[in-house]
Structures are given as C-alpha cells and as structure tokens.
Amino acid sequence: MAPSAAESPSAMQAERLRQDGNTYFKKDRFGAAIDAYTEAITLCPNVPVYWTNRALCHRKRNDWTKVEEDSRRAIYLDHSSFKALDLGRGANPQSYIVEEIWQELAKAKYQEWEHESNKRSWELQTLKEACESALKEKISLDSSQIEGFLDDTIDSNPAQLEAQLEALGQVFEKAAEPDLPTEVPDYLCCKITLDIFRDPVITPSGLSYERAVILEHMEKVGEFDPITREPLHLYQLIPNLAIKEAVQAFLDKHGWAYKTD
C-alpha cells in the first residue's frame with residue numbers, strides 16, 4: 001500500500017518502515033523485520049498489510065500465538081484478507097487457528113453480503129414496481145386514446161397485459177438469482193463433511209478432501225483414502241489450487257455460501 005502524495009508524514013514513514021521490513025525479511029532477519037513492521041503498525045495501526053507481514057515473520061519463527069493475533073487483526077481491518085487466513089495455518093494444519101479465523105472471516109463476509117443483498121433486493125423491488133406501474137399506465141392510456149395514437153405494439157387486451165407483466169417478473173427474477181441461496185455444487189464440497197472447501201487437498205486417487213478433515217482421518221482411523229481405501233500418506237496430499245480458486249469465485253458471486261451453521 002504505497003502512500004499517496006496527500007498522505008501524512010506518519011503514513012509515509014510507516015511505508016518506509018514496511019519496505020525496510022520487507023528487505024530484512026528477504027535476508028531472513030525476521031527479528032529486525034518484526035521490529036520494522038511493529039513501528040509501522042504503531043504509526044498506522046489500521047493498515048492490514050502491516051499486520052499480515054508481521055504475522056508472516058511470526059510464522060517463520062513458529063510463534064503461532066502471535067500469528068493468530070496478527071491474522072485476526074488483519075481480518076478485522078480487511079474482511080477479504082484471505083492472506084491472513086492462509087497465515088493462520090500452523091505447523092499442524094488441523095490447528096484451531098485456521099477454524100477460528102475462517103469462522104470470523106466467513107461471518108464478516110456473510111454479513112457484508114447480507115447487507116448488500118438486502119440493498120439490491122430493495123432496489124430491484126422498487127424498480128419492478130415502477131416498471132409494472134408504468135406498463136399498466138401505458139396500456140390504460142392506450143385503451144382510452146384514438147386507435148393508432150400510441151405505439152401499435154402495445155395491446156390493450158387484458159391477456160396481453162398479463163403476459164407482459166409475467167415477462168417483466170421473469171426478468172426481475174433472473175436478476176435476483178445470484179442472491180437466492182441454493183445448493184453448493186458437489187465438486188466444491190468435501191466428500192467427508194459435505195461443507196464447502198476452505199483448504200482442499202487432492203489425493204493420488206484424484207479425490208479432494210478438506211485438509212484438516214483428511215489429516216484427522218489419517219491420524220485416528222488409518223493412512224488410507226476413506227473412499228477408495230487405497231494407502232495414503234501425508235506427503236501425497238497436494239493443495240488443490242484449482243478447486244480453491246473455483247470456491248473463491250463461487251463465494252464472490254454467491255455470498256450466502258459463507259453462512260456457517
């Protein structure tokens with residue numbers, strides 16, 4: 001987040017400190033980087049990237065408590081900060097940090113969607129009512145004027161009016177579809193929990209599972225694929241980036257899917 005010309009001296013100094021921290025980080029001087037990011041945070045505590053950068057340093061030092069603290073703060077400042085969620089993964093991917101951070105992120109994103117959805121719904125309903133009123137008025141005027149005075153394509157027949165109102169309603173129903181909760185596609189859901197993926201991994205058999213869930217299965221049940229029953233080892237779990245991107249694209253379009261029970 002580079003400062004603009006209109007930003008304060010404090011913001012410009014904080015940005016210089018961030019750049020210093022980046023330099024230290026590249027040289028594996030994580031302690032110095034943390035100090036630089038901390039000074040930047042002191043000057044500008046509401047800039048999410050300073051918190052996520054410091055969290056990354058804590059992650060390099062395996063200080064997961066501080067990773068969690070900084071990641072939570074970054075999400076508080078920026079609800080779309082999936083970088084903060086990713087940083088929340090500790091040495092143990094089943095860590096409660098991931099689940100709790102995801103829950104906070106999902107809650108914030110759902111509330112954001114709900115607010116925007118209600119706004120869109122109200123705007124669509126208002127526009128629909130205005131269009132219906134205008135259509136009825138147009139046809140009413142047509143029926144009371146000399147034939148041919150108005151647009152000949154408008155039919156004063158009640159059946160025609162009903163058909164036109166129905167067609168208008170279908171247009172607005174189509175416009176509202178993205179905000180109507182439906183079912184999340186199966187390929188975006190873990191085959192064990194049936195919940196939408198958060199951190200999907202793919203096995204040699206080509207099946208994808210939620211990372212924490214398959215790791216728990218392997219630890220408590222056995223090192224085999226729960227569906228194919230084929231042997232499965234930790235090193236064979238590969239992040240499914242394609243599915244993860246597809247999940248994010250789906251969530252961006254259908255914010256209702258962020259809702260957690």
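Residues numbered from 1 in each chain as written. Predicted model: local features only at pLDDT ≥ 70, side-chain atom pairs only at ≥ 80, totals over all residues. Heavy atoms only, no water.

- In the nomenclature of an unreviewed UniProt entry, the protein chain corresponds to E3 ubiquitin-protein ligase CHIP from the organism Rhododendron simsii.
- Of the comments in the UniProt record for the protein chain, the one headed Catalytic activity (unreviewed entry) reads "S-ubiquitinyl-[E2 ubiquitin-conjugating enzyme]-L-cysteine + [acceptor protein]-L-lysine = [E2 ubiquitin-conjugating enzyme]-L-cysteine + N(6)-ubiquitinyl-[acceptor protein]-L-lysine."
- In its Pathway (unreviewed entry) section, the UniProt record describing the protein chain reads: "Protein modification; protein ubiquitination." (UniProt positions renumbered as here; feature names shortened; annotations may be inferred.)

### Section: the packing of helix α2 (residues 30–43) against helix α3 (residues 48–60)
In step 1: Their axes nearest at 9 Å, the elements α2 and α3 cross at an angle of 155°. In this view, α2 runs roughly antiparallel relative to α3, as classed from their interaxial angle. When the axes of α2 and α3 are compared, the crossing they make is left-handed. Residues F30, A33, I34, Y37, T38, A40 and I41 of α2 lie in contact with α3, whose contacting residues are Y50, W51, N53, R54, C57, H58 and K60.
In step 2: By residue class, the composition of the contact of α2 with α3 is 9 nonpolar, 3 polar and 2 charged. (Axes fitted to C-alpha atoms, helices over the stretch in contact; angles between N-to-C directions. Helix = DSSP H or I, 4+ residues; strand = E, 2+ residues; numbered from the N terminus. Parallel < 35°, antiparallel > 145°, perpendicular 65-115°, else oblique. Left-handed = near helix turned anticlockwise from the far one by under 90°. Contact = heavy atoms within 4.5 Å. Nonpolar A, V, L, I, M, F, W, Y, C, P; charged D, E, K, R; others polar.)

### Side note on the sheet that holds strand β3 (residues 238–239)
In step 1: Strand order across the open sheet formed by 3 strands is β2-β1-β3, with antiparallel pairing between neighbours. Single-partner strands in this sheet number two, and they are β2 (208–210) and β3.
In step 2: Both strand β1 (residues 200–202) and β3 contribute to a ladder of 2 bridges, which runs antiparallel. For V201, the partnering residue across the bridge sits in β3 and is P239.
In step 3: Set on the sheet, helix α8 (residues 211–220) makes contact with β1, β2 and β3; between it and β2 the angle comes to about 90°. (Pairing = 2+ DSSP bridges.)

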